[in-house]
Amino acid sequence: MGLLDILLGRTRPVVPDLDQLFGLPSAAVTLEAATGFTPTGQGAVCFATVEGSAFEQTHREVQALLDADTERNGPAVRLERDDFGYSWLVSHRTPDELSALVNDLHAVNSAMEVNGFGPQLLCSLAGFEERAAGGAGADAEGGAPGRRLGLVYLYKRGAFYPFAPLPGARQRRDNALELQVKAALADDLRIEQDLSRWFPVWGAPGL
């Protein structure tokens, strides 16, 4: 990095490191011990929406690759578009299959990279929910689900951050929980230190 870059506040781009995703299973153990949140088995990869036959072919290849997993018990991998126009490739596993879910997320990112769509990749997300006495995600009477949490991997930053939307229709987040998770996982994951980059992912599949 040159002097001019330093003076102007420019930083060298971070090289994406998809292997950081493999830290999620061990981080999940720490997270449960510290906060009581456990995996939902749901995750997704977000990217800027791409049109055209090249992407359609990549999508078919990714879906065929993941759906060929004979151990998969959940729904087929699917493509969704959120209210903000971004696309998500969504994978469902059982809550005890976080390692398999991480493999799915890694495979999707890798396939996008190999086929030239790396610049469109934005983030990957693994979903967690608050453990409750009556079963994960619900109270003892089978009431409304508890709090949700996403561990979000920023592709272009090579780092994670927690996103904790508060229950309800209004777009509000639990900043205290996010900071608690940041502190708890400091030794397990590469955490994004610039809080301004902890972008909200309202309505993300898996949350």
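The following paragraphs examine the structure supplied in this document. (Residues numbered from 1 in each chain as written. Predicted model: local features only at pLDDT ≥ 70, side-chain atom pairs only at ≥ 80, totals over all residues. Heavy atoms only, no water.)

1. Some words on the overall build of the protein
Counting its secondary structure elements, the protein contains 5 helices and 6 strands. Helices (α) and strands (β) of the protein occur, in sequence order from the N terminus, as α-α-β-α-β-β-α-β-β-β-α. Within the protein, the fraction of its 207 residues that count as buried is 43%. Total accessible area on the protein is roughly 10300 Å²; 54% of this is exposed by carbon and sulfur atoms. (Helix = DSSP H or I, 4+ residues; strand = E, 2+ residues; numbered from the N terminus. Buried < 20%, exposed > 50% of the residue type's maximum accessible area, 1.4 Å probe, protein only. Areas by Shrake-Rupley, 256 points an atom, 1.4 Å probe, with all protein chains shown as cover.)

2. Observations regarding the side chain of Arg93
Structurally, Arg93 can be placed in the loop between strand 3 (87–92) and helix 4 (98–114). For Arg93, the side chain forms a polar contact with the side chain of Asp104, separated by 3.0 Å. (Polar contact = N/O pair within 3.5 Å; in protein donor to acceptor, adjacent residues only side chain to side chain.)

3. Here's the deal with the nonpolar core
Judged by nonpolar contacts, the single largest core of 52 residues is most densely connected at Trp88 and Phe128. When residues in this core are grouped by element, the largest group, 8 residues, is from helix 4. Those residues within four positions of Phe128 in sequence are excluded, and the remaining contacts are Ala28, Leu31, Phe37, Thr38, Pro39, Thr40, Leu98, Arg147, Arg148, Leu149 and Leu151. (Core = buried A, V, L, I, M, F, W, Y, C linked by side-chain atoms within 4.5 Å. Contact = heavy atoms within 4.5 Å.)

4. Description of the pattern of salt bridges
Evaluated as defined, the whole model comprises 9 salt bridges. Between Arg148 and Glu129 there is a salt bridge whose closest N-O contact spans 3.4 Å. Taken together, the positions of Arg148 in strand 5 (residues 148–154) and Glu129 in strand 4 (residues 121–130) put the pair 19 residues apart, joining distant regions of the chain. We classify Arg148 as partly exposed; its relative accessible area is 21%. Among the ionic pairs, Glu192 bridges to Arg157, the shortest N-O distance being 2.9 Å. Here Arg157 lies in the loop between strand 5 and strand 6 (159–163) and Glu192 lies in the segment after helix 5 (175–184), a separation of 35 residues in the sequence. Residues joined by salt bridges that share partners form a network here, namely Glu130, Arg147 and Asp174. (Salt bridge = Lys/Arg side-chain N within 4 Å of Asp/Glu carboxyl O.)

5. Quick word on helix 4
Since one α-helical turn is 3.6 residues long, residues separated by three or four positions face the same way. With 17 residues, helix 4 should cover 24 Å at 1.5 Å per step; its first-to-last C-alpha distance of 24 Å lies within 8% of that length. Of the residues making up helix 4, those classed as buried are Leu98, Leu101, Val102, Asp104, Leu105, His106, Ala107, Val108, Asn109, Ala111 and Met112. Check the buried side of helix 4 and you find it contacts helix 2 (24–35), strand 1 (37–47), helix 3 (53–67), strand 3 and strand 4. One or two positions beyond helix 4, positive phi appears at Gly116, with a value near 90°. (Expected span 1.5 Å × (residues − 1).)

6. Things to note about the packing of helix 2 against helix 5
Between helix 2 and helix 5, whose axes approach to 10 Å, the crossing angle comes to 125°. If you check the angle between helix 2 and helix 5, you find them oblique. The two elements helix 2 and helix 5 meet at a crossing, and its hand is right-handed. Across from Thr30, Leu31, Ala34 and Thr35 in helix 2, the residues of helix 5 making contact are Gln180, Val181 and Ala184. (Axes fitted to C-alpha atoms, helices over the stretch in contact; angles between N-to-C directions. Parallel < 35°, antiparallel > 145°, perpendicular 65-115°, else oblique. Left-handed = near helix turned anticlockwise from the far one by under 90°.)

7. Let's talk about the sheet that holds strand 3
Read across the open sheet, the 6 strands follow the order 2-3-1-4-5-6; overall the sheet is antiparallel. Since the sheet does not close on itself, it has two edges, and those belong to strand 2 (78–81) and strand 6, each with one partner. The mean inter-strand angle of the sheet, taken between neighbouring strand axes irrespective of direction, is 25°. As judged from the 6 bridges shared by strand 1 and strand 3, these two strands associate in the antiparallel manner. Along strand 3, the bridge assignment pairs Ala44 with Val90. Sitting on the sheet, helix 4 touches strand 1, strand 3 and strand 4, and the angle it makes with strand 1 is about 10°. (Pairing = 2+ DSSP bridges.)

Distances and angles like these do not, on their own, reveal function.
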